[in-house]
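Next come the chains, spelled out residue by residue.
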Amino acid sequence: MEKPSVIINQLPFPNQMASDEEKSSEKYGLSVAKAIEGEWFKRKGNSCRFYDQWGEYHRLRLYARGEQPMQKYKDELAINGDMSMLNLDWTPIPIIPKFVDIVVNGMNDRLYKVKAEAQDVMSAEKKNQFQESIEKDMVSKDFLEMTKQEFGINAFNMDPNELPADDQELSLYMQINYKPGIEIAEEVAIDTILKMNKFDEVKKNFDYDVTTIGIGCMKHNFMVNDGVNVEYVDPANWIHSYTEKEDFSDCYYFGEVKQVHYTELLKINPDLTDEQLTEIKNSSSAYNNYFPIIRNYQDDAFLNEVVTLMYFNYKTSKRFVWKKKILDNGGERVIRKGDTFNPPTGDGIPFEIIEAPREVWYDGILVGGSNILLKWEMARNMVRPKSASQSAMPNYVAHAPRLYKGNIESLVRRMIPFADQIQLTHLKLQQVMSRVVPDGVFIDADGINEVDLGTGAAYNPEDALKLYFQTGSVIGRSYTQEGDFNNARVPIQELNSNSGQSKMSALIANYNHYLNMIRDVTGINSARDGSSPNPDALVGVQKLAALSSNTATRHILNAGLYATRRLAECISLRVGDILEYADFREEFAMQIGKYNVAILDEIKDLYLYDFGIFIEVAPDEEEKQMLEANINVALQQKTIDLEDAIDIRGMNNIKLANEMLKVKRRRRMEEMQKQAQQQQQMKLQSDLQTQQSAAQQKAQLIQLDAQAKTQVKEAEAQFEIQKMNAEVEAKKYLMDLEFQYNMQLKGIEAESLMGREDKREKAKSERISQQNTEQSKLINQRKNNLPPQNFESTEDTLDGFGLESFGPK
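Residues numbered from 1 in each chain as written. Predicted model: local features only at pLDDT ≥ 70, side-chain atom pairs only at ≥ 80, totals over all residues. Heavy atoms only, no water.

Within the chain one finds 24 helices and 17 strands. Counting contacts in the chain only where the partners sit at least 6 residues apart, residues at least 24 apart contribute 72% of the total. Accessible surface, the chain: about 48,800 Å² in total, of which carbon and sulfur atoms supply 51%. (Helix = DSSP H or I, 4+ residues; strand = E, 2+ residues; numbered from the N terminus. Contact = heavy atoms within 4.5 Å. Areas by Shrake-Rupley, 256 points an atom, 1.4 Å probe, with all protein chains shown as cover.)

Following this line, the structure appears as C-alpha cells:
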C-alpha cells in the first residue's frame, strides 16, 4: 500500500451564512478543520506556525528551569569551532528559575475566594424586601423603641444596636451581612467542583505558564459519568484564531493538538474500521516525517505508536425556529421546528414563525496531515449565560496579559538576553581562573654555588627551597671565594602574580551588572528576593521596596484571577444546566452538597437563579500596611474600639474594610459627640443643679435664718409673752400680794382706824370723862375754892399717836 503524502495548504474558511443542515455536515466540518490546519501547520521551509510557537515555548521553559542548551555559549567561546583548549564546566547557571519561583510562589500565597451574587428577579426581590424591612426600622426607630419601652413589644426586624444610620451604612450593611442561602449554596458548589478537580494544581501551572511564556490556558467540560471537569491546557499545544484581546474573547475557533495512542481512537469513534485505522496510522507516520522538528524532542519509538489529533471548537450561528400556533380558545402553543421550516403566510393562517439566531460551537477532531475527520457535531451542554442566551461561551479559558497584535511577551523573555550574558561571564570567569598561576620564587643558582653549610655536601636549589619554605631563611654570599662582589647575594626572591585579579574583578562586576539588569527589566528588586538586604535600611523601607516590586508583576496575578473568575462563571452555568436538564441531577446535588447537608435543598434549586461571579482577593502587604496604618490612626484618636479593629482586620475586601472603618469612625465620632453633648448637658444640669442647690441652700439658709429669726422673734415674743405672763402673774401675784397687803394694810388701817377711833373714842371718852372730871374738879374747886388744878398730860401722844420716834437717836 502506498504511503499517503502530506500536503497542507492555506484554505479559506467555509461560508458562515450556510444553512444549519450544511453546517452540520461532515464536509463543512472538514473544510473548517483544513482551514485551521492550513493556518497553523502549513510549512514554510522547515518550520510552521504551530511548531515555531511550540519550539519558542519550549525554549522559554528551558530557560525558566535553568536547562537552556549550551551550544550558543560554546559557539561564542570556541575559535573556529575548536574547543579542545577549553576545560570549562558547561552547567547552566539557574538565575532565571529564582525569579520565576519568586513570582509564582508569591502569587500562590495570595488567598482568594470565589463570591457569588444572585442577580435574577426573584433574588433581587428578596433582597429589596430585606432592605425595605431595614429601612422601615430606620425610619420608625424612635417609635419602635418607645413601643418597646412602654409596652415591652420588640417590633424591630433586626438588632436596633446594629441598625444603619443612613443610606451609606445601609449599603455597606447589605454588602457585608446580607448573604442568602442560595448564594452560599452557589459558592459551595463552585468551590466543591474546583476542589474535586484539584484546581490548586491547575492554577499553579496556569500562573507558571503566564510567568514563563506569557500565556496560560485552562479547559472546562462536562462528562456524563464524571460531572464537570477542569483541566490544565498546555499553551504550546493550543491553537486559536487571530486575536487582539488579552482574554481571547474575540476568537471564533480554538483547538488543541494531542498525541493519542492508537487504542484511544476507538473510544473517540467506535465505528472506525480496520482499514480506517491503518489509513490513520500511515497518515500519522507521513505527518511525523512532514514535520521533522517533532523528532528533536521525542523519540521514534514513541512517535510510531501515537497519532497526532487536532481537537478544535468552531463558533458559528444557528437559526432556531418555532411555530407559534393560535388555538381556537385564544391560547397559543409554541412548537420547535427545523431551520428549513417555511410554511405559507398570510391572512387567515392560524400560526406564525418565530426565529432567533444564536451562537453555537461545533466540536471536531481531525487526524493530523489527513482528510480523516473523526468527529464533527454541535457541542453538547454549551455554556450560555442566562442574561445573554444568544451567545455561548467556549470551553477554553485563556489569558495573555501582555499580548499585542497576536504577539505575546513574557517575563522570562525579558530576562533571557541578560541571563545569556551572565552565563558567558561565568564561563569567562572560569577561563581566567584556569589561567591564573600561584605566586612562586626565583632561585639564582650562582648565588648558592659557593655556599658551604658545613656538612660537606653541596648547597643545591632543593636544599635552598626546603630551608626557605620551612624556615623562611635564605643563605647566600655577598662575595665569591675570589673576593669579587656577588650580584646574586640573595639567591631566592618571591614572585607575585596579579595578572588575573583585575580581570576577575571586572568579570564579577559585569556579572552583578547583568543581574541588576534582570531586576530592572522585571521589577523584582533585591528587597523582594532577599538576596542582599540593606542592614541599615528600616523594615518599612524594605517592605515598600518589596511592594513596588509586587506592583511590577501585578499583571500576572490579575491574569490568574481573571481566568479563575471566568472559569467559575462557566462552572456556575454548567451546574445550573445539570440540575435543570440532567437525569442524574439528584446524585449530582448530593455529590456537591455532601460537604454541607444544610444547603442541599438550596443546591437543588440553583438552576432557577442567575449569579454574578466575583473574586475576593486577600489584600497584599501594601494594602494591609495602608489599612493597618489607618486602623492605628483611628485607634490613637480613639475613634474606634479594639473590637472594631479586630473585625476590620478580618475582612479580605480592602474596599469594604475601609468603608467599614469610615462607618465605624463616623459612628464613634457621633457617639463621642453625643457623649460630649450629654456630658455638656450633664455639666449644665450639674451646674444648674449646683446653682439650684446653692440657691436652695441659700434659700434654706435664708429660710433657716428667717426661721431662726422668726423663732428668735417667736422666742422673744414667747419670752415677752412669757415675760408678760410672768409679769402678769407677778403683777397678779404682786397685785394679789399688794391687794393682800393692801387688804392687810386696809385691815390694819381699818383696825388702826378702828383702834384709833376706838382710842379716839376712848380718848374722847376719857377726855370727856377727864373733862368731866376736870369740870367736876373745877366745879369742885370753885365750889370748894380749892387751889388751881394742873391739867398737863403725862403722855406725849396725841390721840394715841406718839412723837417719840421723831426724836434723835
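Next, the rest of the story.
Attention now moves to the packing of aromatic side chains. Under the criterion given, the structure shown has 17 aromatic pairs. Look at W238 and Y396: their rings are 6.2 Å apart centre to centre, the planes differ by 50°, and that puts the pair in the tilted class. Highlighted residues: W238 in strand β4 (residues 238-240) and Y396 in strand β10 (residues 396-399), separated in sequence by 158 residues. Given the relative accessible area of 3%, Y396 is considered buried. (Phe/Tyr/Trp six-rings, centres within 6.5 Å; stacked < 30°, edge-to-face > 60°. Buried < 20%, exposed > 50% of the residue type's maximum accessible area, 1.4 Å probe, protein only.)

Here the focus is the sheet that holds β10. The strand order β3-β2-β10 describes an open sheet built from 3 strands, whose pairing is antiparallel. Single-partner strands in this sheet number two, and they are β3 (227-233) and β10. The mean inter-strand angle of the sheet, taken between neighbouring strand axes irrespective of direction, is 20°. Its contacts with the sheet put helix α10 (residues 199-212) on β2 (216-223), β3 and β10, and the angle it makes with β3 is roughly 30°. (Pairing = 2+ DSSP bridges. Axes fitted to C-alpha atoms, helices over the stretch in contact; angles between N-to-C directions.)

Of note, K34 is situated in helix α2 (residues 26-41). Within the structure, K34 has its side chain in polar contact with the backbone oxygen of S370 (distance 3.3 Å). Leaving out residues up to four positions away in the same chain, K34 has contacts with N9, L11, L366, S370 and N371. (Polar contact = N/O pair within 3.5 Å; in protein donor to acceptor, adjacent residues only side chain to side chain.)

Before going further, it helps to spend a moment on the pattern of salt bridges. What the rule picks out here adds up to 21 salt bridges. Note that R668 is salt-bridged to E671, the shortest N-O span being 3.7 Å. Highlighted residues: R668 and E671, both in helix α24 (residues 654-784), separated by 3 residues, approximately one helical turn. One network of salt bridges, with partners in common, ties together E56, R59, E409 and R413. (Salt bridge = Lys/Arg side-chain N within 4 Å of Asp/Glu carboxyl O.)

Together, Y741, L745 and I748 make up an exposed nonpolar region whose accessible area comes to about 290 Å². Since its relative accessible area comes to 48%, I748 is described here as partly exposed. (Patch = residues over 30% accessible without salt bridge, like charges linked within 9 Å, V, L, I, M, F, W, Y side chains within 5 Å.)

Turning to helix α5 (residues 96-108), a few remarks are in order. Across its 13 residues, α5 extends 18 Å between first and last C-alpha, which sits within 8% of the 18 Å expected from 1.5 Å per residue. Taken residue by residue, α5 has I96, P97, F99, V100, I102, V103, V104 and M107 as its buried positions. (Expected span 1.5 Å × (residues − 1).)

The next point concerns unusual backbone geometry. Backbone geometry places N381, a non-glycine residue, at a positive phi of 55°. Assignment of secondary structure puts N381 in the loop between β9 (373-378) and β10. Positive phi is not limited to glycine here, since K405 has a value of about 55°. Its location among the elements puts K405 in the loop between β11 (403-404) and β12 (407-408).

Interpretation note: all reported values are geometric properties and have no functional meaning in isolation.
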